[in-house]
Amino acid sequence: MSIYASHDVTALLESVANHSERGLFACMVPHRGSAYDSGQFLVVGRATNGWGARHTQFTLAALRDPVERARLAEASAQYHHPLDWVNEYSRWSAFWRVARGVAAGVGATEGAGSAWPERLAWSNIYKIAPANRGNPSDALADAQLAPGAALLGHEIATLSPRWVLFLVGCGAQDDWF
């Protein structure tokens, strides 16, 4: 179940529609594990570093079409993917290894065993990033800063986590802090 309505995502998509960068991009919305309860643990990263959900991938030029933008907003808002893949991925992902360690350290995953990711929620500061790999350019990051901040505030208010861990590094995202 998504925490967004499609109109929540529309402003985000509009914010990047006039950029000239080429390639496929993806819109990532927050994910809640199947055992996530309010008051649990939210981990926030910088961007997805690739996202395989084909129905939420697009070119920035396609966002200039209001019909396509509305379709993508709806697809993105309704997209849900369980976090069961995180356990396998954490073997080579420092992001997920740190998230697991901190979540365990505060007791958010106590007794979960290998199902620990299902106790978390996950989001990113930059919701729109290259679909294949990497973070958004500084210009693309700046363009989505205001609507992204509003969405992150909505996520935190809706998810009501007891703990929020930001694993965002430094660089263009310094504007957030």
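Here, the structure is the one placed above.
Here the residue numbering is sequential within each chain, running from 1 through the sequence in written order. Owing to the predicted nature of the model, reporting of local features is limited to residues with pLDDT of at least 70; listing and counting of side-chain atom pairs is limited to 80 or more, with chain, interface and lining totals taken over all residues. Hydrogens are left out, water is left out, and the side-chain values use all remaining heavy atoms of the structure.

Novice: I'd love a proper account of the pattern of salt bridges, names of residues and values included.
Specialist: If the charged atoms of two oppositely charged side chains come close together, the side chains can form a pair. Criterion for a salt bridge: a side-chain nitrogen of Lys or Arg within 4 Å of a carboxyl oxygen of Asp or Glu. One pass over the structure, following the stated rule, counts three salt bridges. Of the charged contacts, one joins Glu 14 and Arg 69 as a salt bridge, the two residues approaching to 3.7 Å between their closest N and O atoms. With Glu 14 in helix α1 (residues 6-16) and Arg 69 in helix α2 (residues 66-78), this residue pair connects regions lying 55 residues apart in the sequence. Here the term buried applies to any residue with accessible area under 20% of the maximum for its type, exposed to any over 50%, and partly exposed to those in between, with areas from a 1.4 Å probe on protein chains only. On the basis of relative accessible area, Arg 69 is assigned to the buried category, the value being 14%. For Lys 127, the salt bridge is made with Glu 155, and the minimal N-O distance between the two is 2.7 Å. Of this pair, Lys 127 sits in the loop between β5 (120-124) and β6 (128-130) while Glu 155 sits in helix α6 (residues 145-159), and the two are 28 residues apart along the sequence. Like Glu 155, Lys 127 is buried. The helix count covers DSSP runs of H or I at least four residues long, the strand count covers runs of E at least two residues long, and both are numbered beginning at the N terminus.

Novice: Provide a residue-level description of the nonpolar core, including the pertinent values.
Specialist: Among the nonpolar cores identified, the biggest contains 31 residues, and Leu 13, Phe 58, Leu 63 and Ile 128 are the most heavily contacted of them. When contributions to this core are tallied by element, the ones reaching two or more residues are α1, β1 (25-27), β3 (41-45), α2, β6, α5 (138-143) and α6. For this core, the element with the highest residue contribution is α1, accounting for four residues. When sequence neighbours within four positions are dropped, the list of residues in contact with Phe 58 reads Leu 13, Gly 23, Leu 24, Phe 25, Ala 26, Cys 27, Leu 63, Leu 72 and Ile 128. Only buried Ala, Val, Leu, Ile, Met, Phe, Trp, Tyr and Cys residues count toward a nonpolar core, and they belong to the same one when joined by side-chain atoms within 4.5 Å. One finds Met 28, Phe 41, Ala 112 and Leu 165 within the second-largest nonpolar core, a separate group that totals 14 residues. Contact between two residues is taken to exist if any of their heavy atoms lie within 4.5 Å; hydrogens are not considered.

Novice: I'd like a description of the pairing of β3, backed by residues and values.
Specialist: Counting buried positions over the five residues of β3 gives five, a clear majority of the element. Burial of the side chains of β3 extends over both faces: Phe 41, Val 43 and Gly 45 are buried on one face and Leu 42 and Val 44 on the other. Between any two strands, at least two bridges found by DSSP are needed for them to pair. Bridge count for β3 against β5 is five bridges, and the pairing is parallel. Paired with Leu 42 across the two strands is Ala 121, which belongs to β5.

Novice: Give me the lowdown on the sheet that holds β5, citing residues and values where you can.
Specialist: Across the sheet, four strands lie side by side as β2-β5-β3-β7; this open sheet has mixed pairing. What marks the edges here is a single partner per strand, and that holds for β2 (31-32) and β7 (163-167). As judged from the two bridges shared by β2 and β5, these two strands associate in the antiparallel manner. Pairing of Arg 32 across the sheet is with Ala 121, part of β5. Each axis is a line fitted through C-alpha atoms, and for a helix only the stretch in contact is used; angles between axes span 0 to 180 degrees, taken between their N-to-C directions. Packed onto the sheet, helix α4 (residues 94-105) meets β3, β5 and β7 and runs at close to 155° relative to β3.

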